[in-house]
Amino acid sequence: MTNESHHNPARLQELAQAFTVLPNENKASDARREELIDKPAFGQLFSDSMAHMSWTKGEGWSDRRIEPYAPLKLDPGASVLHYAQEVFEGLKAYHHADGSVWLFRPDANAERLQNSARRLYLPEVSIDDFLGSVAALTMQDVKWVPTRREYTLYLRPFIFASEPFLGVRAPEEVEYCVIASPSGPYFPGEIKPVSIWVENKYFRTGPGGTGYAKCGGNYAASLLGEYRGIEQGCEQVCFVDAATQTYLEELGGMNMMVVHKDGHVETPSLTGSILPGITRRSIIQLLQDDGHDVVETMIALDQLLEDIKSGEVTEVFACGTAAIVTPIGRFKSETFDIEVNGGKPGELTMAIRNQLLGIQLGEIEDPHNWMWKVC
Ligand SMILES: *Cc1c(COP(=O)(O)O)cnc(C)c1O
């Protein structure tokens, strides 16, 4: 089935018109594009076009355009290259069975980008410009939205300080771009629980830091911990709070949920060092709709390990736009190595994954009007 959009596509289309489509001599041929998007990996391939606008201290945002996808001209002195003044978003365009193309809660991404920009002292992009830019790019490159099930056009909006200046200050020249990447599943193949390294030495953020902002710097800070985990045979890293090293926070790019045997679900509360995931928020809603008690709380690692051993905790999963829902099958650190649910995907984990994916693909009802039809 396909839902009627509660969000009027005419509004998105009108906002998109603020972005002028420039000529593109470099488009891939139909045959080439179809070959490329047949089975892309995640995030390696980019579409024909990008959305772009520019900001200066005096003028604000201007020059809204859809231009050919191409390398940026960037001065080597550009602030972002030295001081990492960058924030980003990630959302997907979904192809539905009737040929229409939809976004999932793009208004939530727009708001979060504003919150992230404020934290990094970058100018905000208005909600209308955000929605207009992602809609304009999706419409322009609609043929790049893969039709294979679970394949999507991943949209990556980002803001960065571009002025050539080596002093540290509030930026005076800033760029905003959206690029689009036809992508297959983040973890290809059948759903397989991941093993998690619990990092206790190198943290991605700390109290008063940038943890709640979606900024490139958090990812740069997470890599050393991530690779300590990979050296230990784990696929992902989980961070604990830097201040006390007691409480579970999140993975490098996904939030976490813990399922108890009585059916209630716990997830780390948004303390400021955790990224407020839209997938997290949506799953909380779907679980509550389904009668589950969901508790946002501080989850102590020691207690979690004990609860997994005793059977009190039956499932743990990670969630985020890219991978949707990923079961966690194992936690490891220098001092423990423990399996969750016999290393198998949990029942509720898979049910919530199928429900969320079903809504995104237009296969089941969308009770909260999360989907926005683009075209
Ligand atoms: C983007 C991100 C998430 C997931 O957020 P979604 O809105 O669900 O995609 C979680 N943690 C971090 C650190 C992130 O950057």
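- An unreviewed UniProt entry lists the protein under the name branched-chain-amino-acid transaminase, with Bifidobacterium gallicum DSM 20093 = LMG 11596 given as the organism.
- As recorded by UniProt, the Cofactor (unreviewed entry) comment attached to the protein reads in full: "pyridoxal 5'-phosphate".
- Turning to the protein, the UniProt record has this under Sequence similarities (unreviewed entry): "Belongs to the class-IV pyridoxal-phosphate-dependent aminotransferase family."

**Quick look at the site of the ligand**
- The environment of the ligand is made up of 15 residues, and the closest members are K214, Y219, E250, T279 and T321.
- Taking R112, its side chain carries an N or O atom lying 2.7 Å from an oxygen atom of the ligand.
- Contact between the ligand and T279: an oxygen atom at 2.6 Å from a side-chain N or O atom of the residue.
- Burial of the ligand by the protein chains amounts to 97% of its free accessible area of 380 Å².
- Classifying every residue of the shell around the ligand by side-chain character gives four nonpolar, seven polar and four charged.

**Let's talk about the pairing of strand 5 (residues 91-95)**
- For strand 5, the tally of buried residues reaches four of five residues, placing the bulk of the element in the interior.
- Here strand 5 pairs with strand 7 (residues 152-161) via three bridges, running antiparallel. In the sheet register, K92 faces strand 7, and the bridge partner there is Y154.
- Relative to strand 6 (residues 101-104), strand 5 runs antiparallel, the two sharing three bridges. Along strand 6, the bridge assignment pairs A93 with L103.
- Adjacent in sequence and paired antiparallel, strand 5 and strand 6 are bridged by five residues, among which G99 carries a positive phi angle near 90 degrees.

The rules we used
Residues numbered from 1 in each chain as written. Predicted model: local features only at pLDDT ≥ 70, side-chain atom pairs only at ≥ 80, totals over all residues. Heavy atoms only, no water. UniProt positions renumbered as here; feature names shortened; annotations may be inferred. Near = heavy atom within 4 Å. Polar contact = N/O pair within 3.5 Å; in protein donor to acceptor, adjacent residues only side chain to side chain. Areas by Shrake-Rupley, 256 points an atom, 1.4 Å probe, with all protein chains shown as cover. Nonpolar A, V, L, I, M, F, W, Y, C, P; charged D, E, K, R; others polar. Buried < 20%, exposed > 50% of the residue type's maximum accessible area, 1.4 Å probe, protein only. Helix = DSSP H or I, 4+ residues; strand = E, 2+ residues; numbered from the N terminus. Pairing = 2+ DSSP bridges.

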